[in-house]
Structure formats: structure tokens, C-alpha cells
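# Structural description and commentary
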Amino acid sequence: MSTIKNYLSLVRFSHTIFALPFALIGFFLATVRNPLYVITGQRNLNNSIGWGWDVTNVTSWGSIGTKFILVLICMITARSAAMAFNRYLDRHFDAKNPRTAIREIPKVIISADSALRFTIVSCILFIVTCFFINHICFYLAPVALFVILFYSYTKRFTALCHLVLGLGLSLAPIGAYLAVTGRFDVLPVLFSFAVIFWVSGFDIIYALQDVEFDRSQSLHSIPAALGKKRALHVSELLHLLSAACVIAAGIYGHFHWIYWLGIAVFAGMLTYQHSIVKPDDLRKVNIAFMTANGIASVVFAVLVICDLLIF
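This structure is a prediction, so every number in the text was calculated from the model and none was measured.

## A word on the packing of helix α7 (residues 161–181) against helix α8 (residues 186–207)
Look at α7 against α8: their axes get within 7 Å of each other, and the N-to-C directions meet at 150°. Here α7 lies roughly antiparallel to α8, going by the angle between them. Considering only the axes of α7 and α8, their crossing is right-handed. For the pair α7 and α8, the contacting residues are His162, Leu163, Leu165, Gly166, Leu167, Leu169, Ser170, Pro173, Ile174 and Tyr177 in the first and Pro188, Val189, Phe191, Ser192, Val195, Ile196, Val199, Ser200, Asp203, Ile204 and Ala207 in the second. The class makeup of the residues in the contact of α7 with α8 is 15 nonpolar, five polar and one charged.

## Re the environment of serine 170
Residue placement: serine 170 occurs in helix α7. Sequence separation of serine 170 and alanine 19 is 151 residues, and the distance between their C-alpha atoms is 7.5 Å. In this structure, serine 170 is in contact with Ser192, Val195 and Ile196, ignoring residues within four places of it in sequence.

## Topic: unusual backbone geometry
In this model, serine 218 sits at a positive phi of 60°, which is unusual for a non-glycine residue. With respect to the helices and strands, serine 218 occurs in the loop between α9 (211–216) and α10 (222–226). One non-glycine residue with positive phi stands out, namely histidine 254, at about 55°. Within the secondary structure, histidine 254 is located in the loop between α11 (228–252) and α12 (257–276). Here histidine 254 falls in the exposed class, since its relative accessible area comes to 62%.

## Quick word on the packing of aromatic side chains
Two aromatic rings are characterised by how far apart their centres lie and by the angle between their planes. Scanning all chains against the criterion turns up 27 aromatic pairs. When the centroid spacing of 6.0 Å and the interplanar angle of 45° are considered together, the rings of phenylalanine 150 and phenylalanine 157 count as tilted. Grouped by ring-pair contacts, the aromatic residues Phe18, Phe22, Phe191, Trp198, Phe202, Tyr206, Phe255, Tyr259, Trp260, Phe266, Phe289 and Phe300 constitute a single cluster. A cation over an aromatic ring shows up here: arginine 91 above the ring of tyrosine 88, its NZ or CZ 4.2 Å from the ring centre.

The rules behind each value
- Residues numbered from 1 in each chain as written.
- Predicted model: local features only at pLDDT ≥ 70, side-chain atom pairs only at ≥ 80, totals over all residues.
- Heavy atoms only, no water.
- Axes fitted to C-alpha atoms, helices over the stretch in contact; angles between N-to-C directions.
- Helix = DSSP H or I, 4+ residues; strand = E, 2+ residues; numbered from the N terminus.
- Parallel < 35°, antiparallel > 145°, perpendicular 65-115°, else oblique.
- Left-handed = near helix turned anticlockwise from the far one by under 90°.
- Contact = heavy atoms within 4.5 Å.
- Nonpolar A, V, L, I, M, F, W, Y, C, P; charged D, E, K, R; others polar.
- Buried < 20%, exposed > 50% of the residue type's maximum accessible area, 1.4 Å probe, protein only.
- Phe/Tyr/Trp six-rings, centres within 6.5 Å; stacked < 30°, edge-to-face > 60°.
- Lys NZ or Arg CZ within 6 Å of the ring centre and 35° of its normal.

See below:
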């Protein structure tokens, strides 16, 4: 049990709360609004959007349930691989940084070799799971893995590493949508852009804690490159773009009042985190990073899914 707990801590399993809700949005968007009967596998006769489900088709419901489980496995294994690899690659920097020296690899709670093996196994499980979903997910699996693993290298040569992290997490809604429909569409792409800007913005806030250390080790980040005050302005801009993307998705997707309530909560949490983090006062960074963004993603996803299912 302690070993499992250590690995869950290694990959910061609780941080799954950031990408998973958007993956669920992509999944439910595909099952409810796909212009084919996703549940029955038959074309909708009147070509309308957001129409009924044949609850008598038990086999098809079982198929959707299976695909839902496979999507969850993909989310967990991909993110576990990315986090474990990041901890493995950064182990020497983590050991030097007082804030991160307590992590599992520097403290030898988990060995570096064990973390690397865990990464490899997670990658294999991800690819195998994609194989059982559909062809396009299987073919794109190496691309997804490249993006999420490559992020760990970017802080060594570019301050735009935050955007690469955002890109990695933004694959969640598109990937879940592809798992069900096997094709790309505008709405999941809009949600993915929202994730890119949202994650990039709050990762900049999180990186404020390590400005001096990053500069001393020649590591790159927007706070290290621009300073804390300007970095916060960049974060604010990115969060404005994220809010613009979910608004655009609401208009394009003809969502109803429940969705717009979700946008109000999402935008409110973005505004809140910027109100409690100041260049000269970083005491509430963790509240902004975990609490505010956790509420933003979970509540927004719940309300979006409710809008999809009710209307």
C-alpha cells in the first residue's frame, strides 16, 4: 500500500483534476452531439443535433461504457508517464532546489531507475489501450506521447515551456472525442485551445516560486525571463484567451444557460487566482494553482455535461 501511495505521489495523481474534466467534456460532447447515433450506431433520421438515445440497445450501451473506461485508462497512463518522466529527468535539479528536494526521487523513496521503468510501462499501456479504441487513436498515440514527454526537455532551452505543457494537456478533449467519433471537429478543438491557454497561464503562476533557482541553473521560464510582474501580465493575457475560447465554444455549439453558468464559474476562478497572487507575495500560489483551478475545471465540466444531457 505504501508503494502505491509513493507512486501516486510521484505522478501527483491529484493533479489529474486539471485535464480529466476536459476529457470528459470531449467524451460527452461526442456521445451526445455526434451527428451519428453514437449509442445505436445508426444515422439520425432528421439530422438534428442533441437527439435521443435508444436505451434498449444494451450492447451499444456496453460498448460506450467500455470506451469510457478505455478513455480513462488512456488519461491516467499518459499523464502518469509524463509526470514520472518529468521527475526522472529533473531529479538532479529537484535535489538542488529546497522546494523540490523532498520529492520521491531526491529522497530515494523511489529510485530513478524505478521511475523510468514506470514511465515505460505507462507508455506501453497507453499505446495498447489506444489500439483497442480505434485506428486513429492508435496511430496518433506516439504523437501524443512525444508531446507530453518532450515537455520535460523544453525548460532547458525555451521560456515557452508553459505553452508546451498546455499543449500536452489540451490533447485530452480532442483525444476523448476522437475515441468516440474517430474524427476531428471544431468544438473539441476550441476546448483544447481553452486548455492550452488556461494551463499555460496557471503554470506561469506556479513557476513564480522558482525564479531565482531557475536563473541560477540556466533553466528557462517566462517568470525567469521577464520577471514576476511581467510574467503575471502574460498569465492574465493567456487566461483571457482561455475564457474567450470557452465563450466561442458556447456560441458555436449553441449551448444553453447551464453552460454559461459554467463559464461564469470558470472565469471567476481565473480572476480569483490573479487577485490573490502578487509579484511580492507568493504565499497563496498553491491555493491559486490547486484549489482555484481544480474548482474551475471540475465545476465547469459538470455544468457543461449537464447542459449537454439536459438540452
